Amino acid sequence: MEKLRLEDQGRVITALCDGLGSGVKAHILSTLTSTIATHFAASESNLRRYAEIISQILPECSERNLGYSTFTISDIDSSGRNKLIEFDNPSAILIRNGRIERIKRRKVSVKYGKLGSREVFQSVIDMQRGDRLAICSDGVTESGRGEKGMQWGWEEENLAKFCAGICSENKGLSARQMAKNIVEAAIRNEGGKCSDDATALVINLRRPKKTLLVTGPPSQRKFDAYITDRLKNFLGTKIICGGTTAKIIADKLGRPLHTHPANIGEGLPPASEIEGVDLVTEGILTLSKLEDMLDTAGSGRAENTPAGALMELLLESDIITLIVGTKINQTHHNPDFPIDVEIRRNLARRLKRVLEKNYLKKVEIELV
Amino acid sequence: MKKILVEICTGTTCHVMGSEAIMEIRDMLASRFKDIVEIKATSCIGLCRERNAEQAPFVKVNGRVVPEANLLRVTQMINEIERGD
Ligand code: FES
């Protein structure tokens, strides 16, 4: 799976590729395919030509003369127009207002080496706000194959019904949650263990969700009121990372700050609570852990720690503002424990990088 | 019997210096303390920044600071307070 955001053109390109077989080779080749596919899509606008070239240049198995990898590429612009190209993956599923919406596809035969030709489906979907488009690998549609009542596995039709079901059940279902639900259902079909790779990619068209994260006390006392106001008046998810910062804001707001002893035993300082703030955690250690998790976990299982909760909130948002306080922490002068304001600043920078690069978030850093 | 309040600092410095382990005190107290000792977590209480203060982790027992706190030292302080020293 690969995602690419072209900021200047307002386009987001995503590709889901499924390599032949499984294991390392399949993984490398599907990664290669999705990378080539997204980057090529970015530079080509003629749909047909693009489908043709893509299916020709993709890596191919030398023994079997078969494409190593299937692919579905979605190229969506800021007006919601989605150019979709599908090759050998299960059909993408469009859910509008909780119902399955038919996608008009055009079959295109593309000349292709010794094999003659292959068939690629192309379509242009004008996506509307609230629409969800689910693209899955055959590991999902074929899950449960041979199980009772599922001779051919789950099948596209049932998958589509399942998608419509979860979307009408929960109007606010995010793309991430939906993808997770689909894969979890596939795993359930298999009785808890997948025999093939099951991948789901979901696109949801909606207004961006915003999050404000405040970390570190401001350089000067007079900015305490400023960060408090910013947080108080912010429309969106509000997060504080840092005990001292939390205390400053709680005092200014005149609200109690309560730390949970119960959450201890996780290797991280526990979370706290301030009324009106969605999440309050410790600072440096939690943010470092978050960076680790973002780096390695991908869309993996969220940990049940303050860092896990933090990751969950950030991945559910699109535009993230980090307000980073730059007060020199006097702990610094304690030679046994050299914490530096630089640590916080660098952490913020690295978080911005990984959130933008791996998760296509927009991140702004403001130093106070 | 008078209540005894144990506040364990869970701020960054104290956490790094091992305050998490002190939470276990809940399970280690003699049974006569079970009802009178209240254990709370706090965020940084500021002592780690004082240049001449002693070493983290810090625990407060009824307001009295236990520096370089560990299970033993905190238990001792609870005993002392119970005896009324
Ligand atoms: S972290 Fe415990 S006193 Fe500062």
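Given the structure is predicted, the values throughout are model-derived calculations rather than measurements.

The rules we used
Residues numbered from 1 in each chain as written. Chains lettered and ligands numbered in written order. Predicted model: local features only at pLDDT ≥ 70, side-chain atom pairs only at ≥ 80, totals over all residues. Heavy atoms only, no water. pLDDT = per-residue confidence, 0-100. Buried < 20%, exposed > 50% of the residue type's maximum accessible area, 1.4 Å probe, protein only. Helix = DSSP H or I, 4+ residues; strand = E, 2+ residues; numbered from the N terminus. Contact = heavy atoms within 4.5 Å. Expected span 1.5 Å × (residues − 1). Domains from an automatic or database assignment. Buried area = accessible area lost by both parts, 1.4 Å probe. Salt bridge = Lys/Arg side-chain N within 4 Å of Asp/Glu carboxyl O. Polar contact = N/O pair within 3.5 Å; in protein donor to acceptor, adjacent residues only side chain to side chain. Core = buried A, V, L, I, M, F, W, Y, C linked by side-chain atoms within 4.5 Å.

Trainee: Can you tell me about the confidence of the model for chain B, naming the residues and giving the values?
Mentor: Averaged over every residue, the pLDDT of chain B is 88; the share at 70 or more is 96%. Model confidence for the complex: the whole-complex pTM is 0.79, and ipTM, which rates the interface, is 0.82.

Trainee: A description of helix H7 (residues 243-253) of chain A should follow, citing residues and the corresponding values.
Mentor: Residue and element names in this part refer to chain A. For H7, every residue scored as buried is listed here: Thr-245, Ala-246, Ile-248, Ile-249, Ala-250 and Leu-253. Packed against the buried residues of H7 are strand S13 (210-215), helix H6 (224-233), strand S14 (237-241) and strand S17 (279-281). Directly beyond the C-terminal end of H7, a positive phi value near 70° is found at Gly-254.

Trainee: Describe unusual backbone geometry, listing the residues and the values that go with them.
Mentor: Keep in mind that most residues, glycine aside, have a negative phi and that most peptide bonds are trans. Residue Pro57(B) is bonded to the preceding Ala56(B) through a cis peptide linkage, with omega at 0°. Among the structural elements, Pro57(B) can be located in the loop between strand S2 (37-42) and strand S3 (59-61). Backbone geometry places Leu360(A), a non-glycine residue, at a positive phi of 55°. Turning to its location among the elements, Leu360(A) is positioned in the loop between helix H10 (341-359) and strand S19 (362-367). By relative accessible area, which is 14% here, Leu360(A) ends up buried. The residue Glu68(B) is not glycine, and still its phi comes out positive at about 40°.

Trainee: Got a sec to walk through helix H4 (residues 156-169) of chain A? Specific residues and values, please.
Mentor: Residues and elements named next belong to chain A. The first and last C-alpha atoms of H4 sit 20 Å apart over 14 residues, in line with the 20 Å expected at 1.5 Å per residue. For H4, the complete set of buried residues consists of Leu-159, Ala-160, Cys-163, Ala-164, Ile-166 and Cys-167. In this fold, the buried residues of H4 make contact with strand S7 (93-96), strand S8 (99-101), strand S11 (132-136), helix H3 (138-141) and helix H5 (175-189).

Trainee: Any details on the domain arrangement of chain A? Residues and values, ideally.
Mentor: All names here are of chain A. According to the domain assignment, chain A consists of domain 1 (2-205) and domain 2 (210-367). Opposite the eight residues of domain 1 that make contact, domain 2 presents six residues. Taken together, the two surfaces of domain 1 and domain 2 that pack against each other cover about 750 Å², and 42% of this comes from carbon and sulfur. Together, Lys-3, Arg-5 and Arg-176 form the three largest contributors to the area buried by domain 1 at its contact with domain 2, with a combined 68%. Linking domain 1 to domain 2 there are two salt bridges. In this structure, the salt-bridge partner of Glu-312 is Arg-176, at a minimum N-O distance of 3.3 Å. Counting every contact that joins domain 1 to domain 2 gives five residue pairs in polar contact (both at pLDDT 80 or more). Take the side of domain 1 that touches domain 2: its biggest share by element is three residues, from strand S1 (residues 2-6).

Trainee: An account of the pattern of salt bridges is requested, with residue identities and associated values reported.
Mentor: Evaluation of the coordinates by the stated rule reveals 18 salt bridges over all chains. Measuring nitrogen to oxygen at the nearest pair gives 2.8 Å for the salt bridge that ties Arg350(A) to Glu291(A). You can see Arg350(A) sitting in helix H10 and its partner Glu291(A) sitting in helix H8 (residues 284-297), a full 59 residues away along the chain. The class of Arg350(A) is partly exposed, set by a relative accessible area of 34%. A salt bridge links Glu82(B) to Arg32(B), with the nearest nitrogen and oxygen atoms 3.1 Å apart. Linking Glu82(B) in helix H4 (residues 71-83) with Arg32(B) in the loop between helix H3 (25-28) and S2, this pair joins segments that are 50 residues apart in sequence. Salt bridges here are not isolated pairs; linked through shared partners, they connect Arg176(A), Lys209(A), Glu312(A) and Glu316(A).

Trainee: How would you explain the nonpolar core if you had to name every residue and give the values?
Mentor: Residue and element names in this part refer to chain A. Of all hydrophobic cores here, the largest spans 25 residues; its most connected members are Leu-290, Leu-294, Leu-310, Leu-314 and Leu-355. At the level of elements, S14, H8, helix H9 (306-315), strand S18 (319-324) and H10 are the ones that each hand at least two residues to this core. If you tally residues by element for this core, the top one is H10, at six residues. With near-sequence residues (within four places) excluded, Leu-355 lies in contact with Leu-294, Leu-314, Leu-315, Ile-320, Leu-360, Lys-361 and Val-363. Core analysis: the second largest hydrophobic core is formed by 23 residues, Val-140, Leu-159, Ala-186 and Val-202 among them.

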